[in-house]
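# Examining the three-dimensional arrangement
One letter stands for each residue in the lines below.
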Amino acid sequence: MRAQVHRVSRDPDADAHAMTAEIRAEQRGNAACAVLIDRFGRWAAVGLPEWDWREPR
């Protein structure tokens, strides 16, 4: 996504609508990633509280 936004933003023939659409798509993707990371962190905090991460497995 970031590469596509970069390509569109560097294209002298790209119009503002195309750039805006690409930027919004990137922002939606970033938000989705943040939600997944947060969910994983919450799951790990609840599901693995007794895990001793200092001990090798």
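Report on the accompanying structure. Since the model is a prediction, treat every value here as computed from it, not as a measurement.

## What about the overall build of the chain?
Each helix and strand counted, the chain has two helices and zero strands in total. Classification of the 57 residues of the chain by burial places 7% in the buried group. Counting only carbon and sulfur atoms, one obtains 59% of the accessible surface of the chain, whose full area is about 5,100 Å².

## What about the packing of aromatic side chains?
This structure, assessed with the given rule, holds one aromatic pair. Aromatic pair Phe40 and Trp43: ring centres 5.7 Å apart, planes at 35°, arrangement tilted. Placement of both Phe40 and Trp43 in helix α2 (residues 16-47) is noted, with a separation of three residues, approximately one turn of the helix. Across the pair, exposure class does not vary: Phe40 and Trp43 are exposed alike.

## Remarks on the packing of helix α1 (residues 2-10) against α2
Two numbers describe how α1 lies on α2: the axes approach to 9 Å, and their chain directions differ by 160°. Compared by their axis directions, α1 and α2 come out roughly antiparallel. Between α1 and α2 the crossing geometry is left-handed. The residues of α2 that touch α1, namely those facing Arg2, Gln4, Val5, Val8 and Ser9, are Ala18, Met19, Glu22, Ile23, Glu26 and Asn30.

How each quantity is defined
- Residues numbered from 1 in each chain as written.
- Predicted model: local features only at pLDDT ≥ 70, side-chain atom pairs only at ≥ 80, totals over all residues.
- Heavy atoms only, no water.
- Helix = DSSP H or I, 4+ residues; strand = E, 2+ residues; numbered from the N terminus.
- Buried < 20%, exposed > 50% of the residue type's maximum accessible area, 1.4 Å probe, protein only.
- Areas by Shrake-Rupley, 256 points an atom, 1.4 Å probe, with all protein chains shown as cover.
- Phe/Tyr/Trp six-rings, centres within 6.5 Å; stacked < 30°, edge-to-face > 60°.
- Axes fitted to C-alpha atoms, helices over the stretch in contact; angles between N-to-C directions.
- Parallel < 35°, antiparallel > 145°, perpendicular 65-115°, else oblique.
- Left-handed = near helix turned anticlockwise from the far one by under 90°.
- Contact = heavy atoms within 4.5 Å.

Read these as geometric descriptors, not functional statements.
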